[in-house]
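Secondary and tertiary structure notes
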Amino acid sequence: MLKAQMLEVQNLSVSYREIIALSNISFSLSSGSLVGLIGANGAGKSTLLKAMLELIPAQSGQIFFDGQPLKKQRHKVAYLPQRSQIDWDYPVTVWNVVMMARTQHSGWFGKVSRQSKEIVRQALERVELYELRDRPIKNLSGGQQQRVFLARALAQQAEILLLDEPLTAVDKKTEALMWQIYSELKQEGKTLLISCHEWGSPLDRYDQLLLLNRQLVASGTPRQVLTNKNIQLAYGAPFAPTNQDSFDHTDELLFC
Ligand code: ATP
């Protein structure tokens, strides 16, 4: 059996000049879990993922993985940025995007090992894009492009995957494939933290939800988190015209 490792965020606060984006966020996630990060536009979801990676500075806070500072273990974290932050016109092939995940093993100017090539091949086959490996990324559909970046995260063989809205602009086939891969990664003992805008039954697939509104409004199972009280605190409106704190009603409304 795999030993559980904890990803712990303690008292994380982030400001952009006068804007307080995150205030005193603390939570812990155990390995082998699929965790959804939800909240309204501007709630701080992307900021949280970037701050965990130190892509933006934090005013305060510490992050540990397996009892050690995460900053000393950055190679264990794979990050899929929000779609809008990727330059899709950049002249690079599918193969080379995924191979970028291996540069930390070989270095930018190092020789690419046979093992790295095999890992990249397997990652591309897993997302069903090996046949398109020589194609420039700009010539792919939105769903295929997202799968390329998921393959890059797979090729990194990270322990923690931070994915920022990976299901944006994807087709049904990609969506199904991604959920299948998340489930496999979970079984492999990886920790997945996924920022998402989906509502309703897809949220029930997560083991844990973190509901943000600059502060951590709630953390727990979907049923524990998606109560009227929490939704009111996070979005300023209840999610159903009923007083029942029931997850079932989230199917009826779309918040973001
Ligand atoms: P969305 O769901 O729209 O992607 P989000 O929950 O990911 O939103 P963030 O993008 O993290 O939210 O933004 C949190 C807050 O910080 C917002 O008020 C946003 O306007 C602000 N913000 C984000 N990036 C910057 C920046 N580079 N400079 C200044 N303010 C920023």
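Everything numeric here is computed off the predicted structure, so don't read it as measured data.

**Topic: helix 8 (residues 228–235)**
For helix 8, the complete set of buried residues consists of Asn228, Asn230, Ile231, Ala234 and Tyr235. Seen along its axis, helix 8 keeps its buried residues to an arc of 160°; they face one direction. On its buried face, helix 8 is in contact with strand 3 (33–38), strand 9 (208–213), strand 10 (215–220) and helix 7 (222–225).

**Digging into the confidence of the model for the protein chain**
For the protein chain, per-residue confidence averages 87 on the pLDDT scale, and 88% of positions sit at 70 or higher. Every residue in residues 240–256 is under pLDDT 50, and counting partners more than four places away or in other chains gives 43 contacts.

**Considering the environment of valine 35**
Checked against the element boundaries, valine 35 lands in strand 3. Here the alpha-carbon distance between valine 35 and glutamine 208, two residues 173 residues apart in the chain, equals 4.8 Å. The residues contacting valine 35, other than those within four sequence positions of it, are Leu29, Leu192, Leu193, Ile194, Tyr206, Gln208 and Leu210.

**Here's the deal with the packing of helix 5 (residues 142–155) against helix 6 (residues 172–187)**
One way to put it is that helix 5 packs onto helix 6 with a least axis distance of 10 Å and a crossing angle of 15°. In terms of orientation, helix 5 lies roughly parallel with respect to helix 6. You can see that helix 5 and helix 6 cross each other, and the crossing is left-handed. On helix 6, the residues that touch Gly143, Gln144, Gln146, Arg147, Leu150 and Leu154 of helix 5 are Lys173, Thr174, Leu177, Met178, Ile181 and Leu185.

**A look at the packing of helix 4 (residues 114–126) against helix 5**
Here helix 4 crosses helix 5 at 140°, and the two axes come no closer than 9 Å. By the angle between their directions, the pair helix 4 and helix 5 is classed as oblique. The two elements helix 4 and helix 5 cross, and the hand of that crossing is right-handed. Residue-level contacts link Ile119, Val120, Ala123, Leu124 and Arg126 of helix 4 to Ala151, Leu154 and Ala155 of helix 5. Considering only residue class, the contact of helix 4 with helix 5 consists of seven nonpolar, no polar and one charged.

**Quick notes on the site of the ligand**
Asn41, Gly42, Lys45, Ser46 and Thr47 are the nearest of the 15 residues found near the ligand. Separating an oxygen atom of the ligand from a backbone N or O atom of alanine 43 is a distance of 3.1 Å. At a separation of 3.2 Å, an oxygen atom of the ligand approaches a polar side-chain atom of glutamine 82. The fraction of the free accessible surface of the ligand (640 Å²) that becomes covered by protein chains is 65%. Mapped by element, the contributors of at least two residues to the shell around the ligand are strand 2 (19–30) and helix 1 (45–52). Top contributing element to the shell around the ligand by residue count: helix 1, with three residues. Here the shell around the ligand is built from residues that sort into five nonpolar, seven polar and three charged.

Definitions and limits used
Residues numbered from 1 in each chain as written. Predicted model: local features only at pLDDT ≥ 70, side-chain atom pairs only at ≥ 80, totals over all residues. Heavy atoms only, no water. Buried < 20%, exposed > 50% of the residue type's maximum accessible area, 1.4 Å probe, protein only. Helix = DSSP H or I, 4+ residues; strand = E, 2+ residues; numbered from the N terminus. Arc of directions from axis to C-beta. Contact = heavy atoms within 4.5 Å. pLDDT = per-residue confidence, 0-100. Axes fitted to C-alpha atoms, helices over the stretch in contact; angles between N-to-C directions. Parallel < 35°, antiparallel > 145°, perpendicular 65-115°, else oblique. Left-handed = near helix turned anticlockwise from the far one by under 90°. Nonpolar A, V, L, I, M, F, W, Y, C, P; charged D, E, K, R; others polar. Near = heavy atom within 4 Å. Polar contact = N/O pair within 3.5 Å; in protein donor to acceptor, adjacent residues only side chain to side chain. Areas by Shrake-Rupley, 256 points an atom, 1.4 Å probe, with all protein chains shown as cover.

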